[in-house]
Amino acid sequence: MIKVKNLYHSYKKDDIYQVKDVNFEVEEGEIFGFLGPSGAGKTTVQNILTGLLEIHKGQAEVAGYDMKNISKDMFNKIGMSFEQSNVYSKLTALENLKFYAKLFDVETRDPKDLLKLVGLEDKANMRAGEFSKGMKHRLTFVRSMINNPIMWFLDEPTTGLDPSIAADIKNIIREKNKQGVTIFLTSHNMFIADELCHRVAFIVDGEIKLIDSPRNLKLQYGDKMIEVDYIKDGENINDSFSTILNEDKKKLKEIIDNYEIQTMHSKEASLEEIFIKVTGRGLV
Amino acid sequence: MFKKIWTIFLRDLKVNIKDFLSLYILLIPFLFAIGINLFTPSINDTTVNLAFIKEENNQLVTYMEQFAKVEEFDNLETLKERVERRDSMIGIVPEEGQYYIMIEGNESDMDIEYSKMLLGLYETGLNIEDSKTEIIEFGRTIPPIKKTLVNTSVLFISILAGMLISLNIVEEKVDNTISAINLTPTSHNSFLLGKSIIGIIFAIFGGLALVYITGFGAVDIGKILIIISVSTIISILVGFIQGLINDDIMTAAASIKLLFLPLIAAVLAVEILSEKWQRFLYWNPFYWAYKGNDLVLNKSGSWGQVLIYAGIVLFLSGIVYVFLAPKIRKGLE
Ligand SMILES: Nc1ncnc2c1ncn2[C@@H]1O[C@H](COP(=O)(O)OP(=O)(O)OP(=O)(O)O)[C@@H](O)[C@H]1O
Ligand SMILES: [Mg+2]
């Protein structure tokens, strides 16, 4: 569904690339997570794949369309939920969706059904300008599915939403995927990636560090973390260490030697910890 | 494609009639028309302007004051200068015991005939009292100031059309919705056309409403439409550019207001400057549009003349288009 080869991108069109030599493929029916800290280049890659940014160097193919030579028809097949909500503040929620629906050449979904899906049915006739941030985000989210896309791009779909709405959104994503929709999901939230994605790519400073399934990653790195509670200068400290990284081993030894250990046990690494371990970088 | 263009236009219309600022712009042609009607009847500009040399023949001047507006000048030189100005001013100059009429060339035939006749009446010694006939209306039924105001307002409305477009573009920018449109199978051209319609319709309907309400309804509407359409092109282009480069409505509107300068320059030039200065305004599309409108409002322009003026405006707009179009395209990405 997506094929990306040697993709580079520089906003200033110089030698400093914000996206460097990115290669990956997304299979049909897959939920592919694109994970990385802020400024890693996730949105940039997504914008290239949706044609919002011109492709300068490298190749990309989405839903069978070559991104170097985009056919307008591609937009009937893809949908994208923006990281930052962008709806007309002077139109109501319903008017926003009705207007957007008319810009497609394919059959579109009933705007009222969509509003219901994200709990906005009571706010259908309220101007989007009067919406809260989360409400706008939900409107932007459902708008992206109005043309029944077979390839669905989601940029931080649950960021900033309260947990119950985030859970609803996750269910919608799972449901759509069950119906065969391929999903490219961008996030710096490892929990949603862990829950939803079949495979994830770790991206840092514009480079992909690793691509694998969350399960494989856990098998590979699981059971190899040690969580320690200890007392340092009268303060309780909780920390976890890898048992394979030399640096971590040294630190752990130092703690055991110098401080009073409260508890210590091995545990399965979370995706977040694996990310830190693999990339040497935190996620925020 | 037409469905999408229409959808984009209807959205703009819906937003514009609900928004105070744009609604105000939409109503301006009517406000102007009413204002012009209220203002112009009080201006007594229906008679001919005559220029005399001071103290040369006081009897003649007193006689003429009964029928025309009279101005006196110190000598032939200053009189000549005055006649050469662009407005309608006819000199009555003595030469070897007779009088001849000095004109610049742009005075209407009506005015010239009227002056000749007044001179003839004077020479035959006729007075208003002993004339059995009444001199009712030799002047024009439409005061020239009214025509000037209507003409200027029509062009002013075309600039407002650009402002309306820029408001709608700024709205898209502030809400960041252009990227959402870019993710639909709507081409840039459809988007631009859809966004232009409100301006085109406003310029045309606003212009026509103004022309009708101010009593120029008998002019050739086809001709006036041609001039309005071509003179709106530049305003639309500038509207798009200003909408795309500004993040708030007020700065965009302020930049568009700069278009009033060439418009005012064109009006002043045509109405006041003498022939030899005219060529300094040939670059100005409003100059040609104003002259074109003037012919149409006078009912004196043939299709050929109107099309030549429209063609010049179109050509000048084309040059502006070549410069601005790539920037507009870029701004949409
Ligand atoms: N319009 C732009 N012009 C110039 N540089 C940009 C632009 N947009 C993004 N960048 C730069 O490109 C890099 C990648 O940004 P991008 O938005 O893709 O990050 P991200 O991974 O989506 O981050 P976040 O998690 O915060 O959304 C950053 O260094 C950013 O400063
Ligand atoms: Mg981002």
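Everything below is about the structure shown above.
Predicted, not measured: the structure shown is a model, and the values here were computed from it.

Undergrad: In this structure, what is going on with the pattern of salt bridges? I would like to understand it.
TA: Two side chains bearing opposite charge may form a pair once their charged atoms approach each other closely. A complete count under the given rule lists 19 salt bridges over all chains for this structure. A:Lys251 is the salt-bridge partner of A:Glu247, the closest N and O atoms lying 4.0 Å from each other. With a gap of 4 residues between them, A:Glu247 and A:Lys251 both fall in helix α9 (residues 246-258), about one helical turn apart. Under the relative-accessibility criterion, A:Glu247 is labelled exposed at 56%. Note that B:Asp247 is salt-bridged to B:Lys173, the shortest N-O span being 2.9 Å. Separated by 74 residues along the polypeptide, B:Asp247 in the loop between α9 (221-245) and α10 (249-257) and B:Lys173 in helix α6 (residues 144-175) bring together distant segments of the chain. Within the structure, one salt-bridge network assembled from shared partners comprises B:Arg11, B:Asp12, B:Glu171, B:Glu172 and B:Lys195.

Undergrad: Would you mind going over the site of ligand 1 with me for this structure?
TA: Residue and element names in this part refer to chain A. Taken together, 13 residues are adjacent to ligand 1, and Ser-38, Lys-42, Thr-43, Thr-44 and Glu-83 come closest. Contact distances for ligand 1 include 3.4 Å between a nitrogen atom and a side-chain N or O atom of Tyr-11. Note that an oxygen atom of ligand 1 is positioned 2.5 Å from one of the side-chain N or O atoms of Thr-44. For ligand 1, whose free accessible area comes to 640 Å², the fraction covered by protein is 61%. For the shell around ligand 1, the residue count by class is 3 nonpolar, 7 polar and 3 charged.

Undergrad: Got a minute to help me understand the pairing of strand β12 (residues 235-242) of chain A in this structure?
TA: Residue and element names in this part refer to chain A. Both strand β11 (residues 225-232) and β12 contribute to a ladder of 8 bridges, which runs antiparallel. Of the residues in β12, the one forming a bridge with Asp-229 is Asn-238. In textbook terms, the turn of a hairpin is the stretch between consecutive antiparallel strands, and for β11 and β12 this stretch comprises 2 residues, one of which, Asp-233, has a positive phi near 50°.

About the cut-offs
Residues numbered from 1 in each chain as written. Chains lettered and ligands numbered in written order. Predicted model: local features only at pLDDT ≥ 70, side-chain atom pairs only at ≥ 80, totals over all residues. Heavy atoms only, no water. Salt bridge = Lys/Arg side-chain N within 4 Å of Asp/Glu carboxyl O. Helix = DSSP H or I, 4+ residues; strand = E, 2+ residues; numbered from the N terminus. Buried < 20%, exposed > 50% of the residue type's maximum accessible area, 1.4 Å probe, protein only. Near = heavy atom within 4 Å. Polar contact = N/O pair within 3.5 Å; in protein donor to acceptor, adjacent residues only side chain to side chain. Areas by Shrake-Rupley, 256 points an atom, 1.4 Å probe, with all protein chains shown as cover. Nonpolar A, V, L, I, M, F, W, Y, C, P; charged D, E, K, R; others polar. Pairing = 2+ DSSP bridges.

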